Number of protein chains: 2
Amino acid sequence: MALDEFALIGRYFRTAELERAADPSAIALGIGDDAALLQLAADQQLVISTDSLLAGVHFPEQYPPAELGYRALAVAVSDLAAMAATPLAFTLALSLPKVDEPWLQAFSRGLSVAARDFAINLIGGDTTRGPLNLGVSVFGQVPRGQALRRDGARGGDLLCVGGPLGDGAAGLAVVQRRDVPAGLPLVGQDYLQQRFWRPQPQLALGQLLRGVATAGLDVSDGLLADAEHIARASGVALHIDAARLPASEALVSWPERQQLEWMLRGGDDYVLLFTLPPAAKPRIAQWCAAGHAVSVIGSVHAGDGVLLDVGKGYAPLSGERGYQHFRSSDD
Amino acid sequence: MALDEFALIGRYFRTAELERAADPSAIALGIGDDAALLQLAADQQLVISTDSLLAGVHFPEQYPPAELGYRALAVAVSDLAAMAATPLAFTLALSLPKVDEPWLQAFSRGLSVAARDFAINLIGGDTTRGPLNLGVSVFGQVPRGQALRRDGARGGDLLCVGGPLGDGAAGLAVVQRRDVPAGLPLVGQDYLQQRFWRPQPQLALGQLLRGVATAGLDVSDGLLADAEHIARASGVALHIDAARLPASEALVSWPERQQLEWMLRGGDDYVLLFTLPPAAKPRIAQWCAAGHAVSVIGSVHAGDGVLLDVGKGYAPLSGERGYQHFRSSDD
């Protein structure tokens, strides 16, 4: 299989769009040797995140390949945004059941568009025969000590979110044509589909949060589950006011109960969730003026866990908080 | 699935053996956030390599999990040796058909032993439900400009190998109890099995080659296929003298024709193949005295491709050079 692998990689992934999507000055050696070489300035730290996406678990088997290529990279890059990092490079380990040229062309095209959108270069990877599986590792840089970690939230901080919640889950419903409200205009359907197919990692906002936010991450598992990650890592309690959760115009076509469920537990929103010291509150208006839809949705307190107010006062959560990945029917 | 993933990672992979197998001074942040942070000195470059191993393609479905854990990391770390790098850290993306506790315990134990043997710390990863698949990314460092690339071989250089060839393929035959010669003593069987189960990346030799060897890689696809990688990247011809290929004592129990086939085309040896300028020849004796079994097996010339002398003069190769990965019967 080794020779097939090389042929595949050569034809579909060794393209200028993928290898030189961004300034390559940090890349001392890209694809083609035993490993790649990155060269960072001394005041920078390297940020590393690895994700794997399996057909039937993280996405449907029949997912359109161009959208899959885009989305796989976007989701991985969102972890760089969540660390306040600037993207540098990525690797791709692709397992495919067979050499399907139209599939590979479309996948590579979607991947290239994402690589350009996020200014990140492909520096290595491999391709093997097997069940459809994408392993994406992303590398970024952040000035030393300025990464946005999960463990710095303090009592008195504000809890903020960088954009509307629930669109990822609603987008999946639109894509799957599942209970789409008759009143949802086409433009809203398009918007939600794009939010699902092409998540936009909040890289610029992440970089603005350097040295300002006390903790942060990207909402991938669902607001409540991800809030709990911050609460646990920081040793604090997070209070969330359901009435303050930001919803897109498209989301409000659904029944209120469904909206709330998706905003709280739907995954795949890829907006940043972060905590701000009270002194930084004036920045929120500046960020909003610069096009970042930041909302305050709660506050940080001594204690532990996530407490939610749905109109009857703050109460601790119970039961399932998290997002269930898309699953195959036999799962 | 998200919550299951965290539980899994927490129990089997968040161990001191895996997270602190080596000096963690370069690791500013390990497992548990959106990403890990590495901090390198300014005169160092980061070396990055990603491999994925699929059940039924790269290893049998029923592979013993402790051996699989060891081998998966060893094979990945061999790419660091092949770049003359010092290991720093690795990530693991594990896909598993079900939560099988004895399997996970044994796998984690094998992985831990390898992490300690190669002085490398686990800094991240994920676990999902799906066909058995291991994605390993390894990170190392090398002084700026001293990585062992494939593209520097020049006419007049010596072609060398860092240890015996063919043991990987012979080891697989022993493991599978396939045509094992009656005359092979038990100690030889044990040796070959270990060579297959627990490859030893030539990290120390790789580091000795910094600034000395002109090109190099690790023999994973088979000598001829890997020699061709150097020939192509460097724009030279490599001459290989079959009579000079080093074989272990255990290998010589097989018929000569089988030995030669395995030395030339067997994969999974993970010894270094490298080119040396003539002035560096005296170093070979020093390296051997220090316990590195380096042999000269050929030479570098103007031209292209790999030419092999099996006793009738140098002739270009034709046909299949490479290693066929272990395949499932339906592949």
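Residues numbered from 1 in each chain as written. Chains lettered and ligands numbered in written order. Predicted model: local features only at pLDDT ≥ 70, side-chain atom pairs only at ≥ 80, totals over all residues. Heavy atoms only, no water.

It is worth spelling out the domain arrangement of chain A at this point. Residues and elements named next belong to chain A. By the assigned domains, chain A splits into domain 1 (2-143) and domain 2 (158-316). Taking only C-alpha atoms, the centre of domain 1 and the centre of domain 2 are 27 Å apart. In this complex, domain 1 contributes 22 residues to the contact, which on the side of domain 2 involves 17 residues. Interface of domain 1 and domain 2: buried area, both sides summed, is about 1700 Å²; carbon and sulfur atoms make up 58% of it. Here domain 1 and domain 2 share 2 salt bridges between them. Between the two partners, domain 1 and domain 2, sit 8 residue pairs in polar contact (both at pLDDT 80 or more). At the level of elements, helix 3 (65-81), strand 4 (86-96) and strand 6 (133-143) are the ones that each hand at least two residues to the side of domain 1 that touches domain 2. With 10 residues, the single largest contributor to the side of domain 1 that touches domain 2 is helix 3. Along the lines of polarity and charge, the residues of the side of domain 1 that touches domain 2 split into 16 nonpolar, 3 polar and 3 charged. (Domains from an automatic or database assignment. Contact = heavy atoms within 4.5 Å. Buried area = accessible area lost by both parts, 1.4 Å probe. Salt bridge = Lys/Arg side-chain N within 4 Å of Asp/Glu carboxyl O. Polar contact = N/O pair within 3.5 Å; in protein donor to acceptor, adjacent residues only side chain to side chain. Helix = DSSP H or I, 4+ residues; strand = E, 2+ residues; numbered from the N terminus. Nonpolar A, V, L, I, M, F, W, Y, C, P; charged D, E, K, R; others polar.)

Looking now at the sheet that holds strand 11 (residues 295-301) of chain A. Residue and element names in this part refer to chain A. A sheet is described by the order of its strands in space; here 7 strands give the open sequence 8-10-7-11-9-12-13, paired in mixed fashion. The strands lining the two open edges of the sheet, one partner per strand, are strand 8 (215-218) and strand 13 (314-316). Geometrically, the sheet is characterised by an average inter-axis angle of 25 degrees between neighbouring strands, direction not taken into account. In this structure, strand 7 (residues 158-161) lies alongside strand 11, joined through 4 bridges in antiparallel fashion. Paired with Leu159 across the strands is Gly298, a residue of strand 11. (Pairing = 2+ DSSP bridges. Axes fitted to C-alpha atoms, helices over the stretch in contact; angles between N-to-C directions.)

Here the focus is the pattern of salt bridges. In this structure the tally under the stated criterion is 20 salt bridges over all chains. Of the charged contacts, one joins A:Arg71 and A:Asp268 as a salt bridge, the two residues approaching to 3.1 Å between their closest N and O atoms. You can see A:Arg71 sitting in helix 3 and its partner A:Asp268 sitting in the loop between helix 9 (256-265) and strand 10 (272-276), a full 197 residues away along the chain. Among the ionic pairs, A:Arg195 bridges to A:Asp167, the shortest N-O distance being 3.1 Å. Placement of A:Arg195 in helix 6 (residues 186-197) and of A:Asp167 in helix 5 (residues 167-175) is noted, with a sequence separation of 28 residues between them. Overall, A:Asp167 belongs to the buried group, its relative accessible area being 0%. Residues joined by salt bridges that share partners form a network here, namely A:Asp33, A:Asp34 and B:Arg150. (Buried < 20%, exposed > 50% of the residue type's maximum accessible area, 1.4 Å probe, protein only.)

Once that is clear, we can look at the packing of aromatic side chains. Both the distance between ring centres and the angle between the ring planes are used here to describe each pair of aromatic rings. Applying the stated criterion across every chain, the model contains 18 aromatic pairs over all chains. Through successive ring pairs, a cluster of aromatic residues spans B:Phe59, B:Tyr63, B:Phe196 and B:Trp197. Positioned above the aromatic ring of A:Phe196, the side-chain terminus of A:Arg71 is 4.4 Å from the ring centre. (Phe/Tyr/Trp six-rings, centres within 6.5 Å; stacked < 30°, edge-to-face > 60°. Lys NZ or Arg CZ within 6 Å of the ring centre and 35° of its normal.)

This part is about the packing of helix 3 (residues 65-81) of chain B against helix 4 (residues 101-117) of chain B. All names here are of chain B. Direction vectors running N to C along helix 3 and helix 4 enclose 35 degrees, while the axes themselves pass 6 Å from each other. Like other packed secondary-structure pairs, helix 3 and helix 4 cross with a definite hand, here right-handed. Every residue of helix 4 that contacts helix 3 at Pro65, Ala66, Leu68, Gly69, Tyr70 and Leu73 is listed here: Trp103, Ala106, Phe107, Arg109, Gly110, Leu111, Val113, Ala114, Ala115 and Asp117. Taken together, the residues of the contact of helix 3 with helix 4 break down into 12 nonpolar, 2 polar and 2 charged. (Left-handed = near helix turned anticlockwise from the far one by under 90°.)

Now for the UniProt feature "domain: PurM-like N-terminal" (unreviewed entry) in chain A. Mapped onto this structure's residue numbering, the UniProt feature "domain: PurM-like N-terminal" (unreviewed entry) falls at residues 32-142 of chain A. As annotated, residues 32-142 of chain A has a helix share of 31% and a strand share of 40%, and its two end C-alpha atoms lie 27 Å apart. (UniProt positions renumbered as here; feature names shortened; annotations may be inferred.)

Strands in a sheet are paired, the pairing made by backbone hydrogen bonds, and the direction either parallel or antiparallel. With mixed pairing, the 6 strands of this open sheet are ordered in space as 5(A)-4(A)-6(A)-3(A)-2(B)-1(B). Each edge of the sheet is formed by a strand with only one pairing partner; in this case those strands are strand 5 (121-129) of chain A together with strand 1 (27-29) of chain B. Each neighbouring strand pair of the sheet contributes to a mean axis angle of 20 degrees, computed without reference to strand direction. When strand 4 of chain A meets strand 6 of chain A, the two strands line up antiparallel, connected through 9 bridges. Each bridged residue has a counterpart across the sheet, and for A:Thr86 the counterpart in strand 6 of chain A is A:Gln141. Contacts from helix 3 of chain A reach strand 3 (44-54), strand 4 and strand 6 of chain A, with the element oriented near 35 degrees to strand 6 of chain A. Sitting on the sheet, helix 4 (residues 101-117) of chain A touches strand 4 and strand 6 of chain A, and the angle it makes with strand 4 of chain A is about 165 degrees.

This paragraph deals with the UniProt feature "binding site: Mg(2+) 3" (unreviewed entry) in chain A. All names here are of chain A. Mapped onto the present numbering, the UniProt feature "binding site: Mg(2+) 3" (unreviewed entry) falls at Asp34, Asp79 and Asp218. In sequence the annotated residues extend across 185 residues, and in space they extend as well, their farthest C-alpha pair lying 32.6 Å apart. By secondary structure assignment, the location of Asp34 is in the loop between strand 1 (27-29) and strand 2 (36-38). We classify Asp34 as buried; its relative accessible area is 7%.

With 61 residues of chain A at the contact, the number on the chain B side is 61 residues. Of the roughly 4900 Å² buried at the junction of chain A and chain B (both faces included), carbon and sulfur atoms supply 52%. Applying the counting criterion to the chain A and chain B interface returns 4 salt bridges. The closest approach of N and O atoms between B:Asp34 and A:Arg150, which form a salt bridge, is 2.9 Å. Scanning the region where chain A abuts chain B turns up 21 residue pairs in polar contact (both at pLDDT 80 or more). Secondary structure elements with two or more residues in the side of chain A that touches chain B: helix 1 (2-13), strand 1, strand 2, strand 3, strand 4, strand 5, strand 6 and strand 8 of chain A. It is strand 3 of chain A that provides the largest number of residues to the side of chain A that touches chain B, a total of 10 residues. Sheet analysis places strand 3 of chain A next to strand 2 (residues 36-38) of chain B, joined by 3 bridges and oriented antiparallel. Within strand 2 of chain B, the residue paired with A:Val47 across the bridge is B:Leu37.

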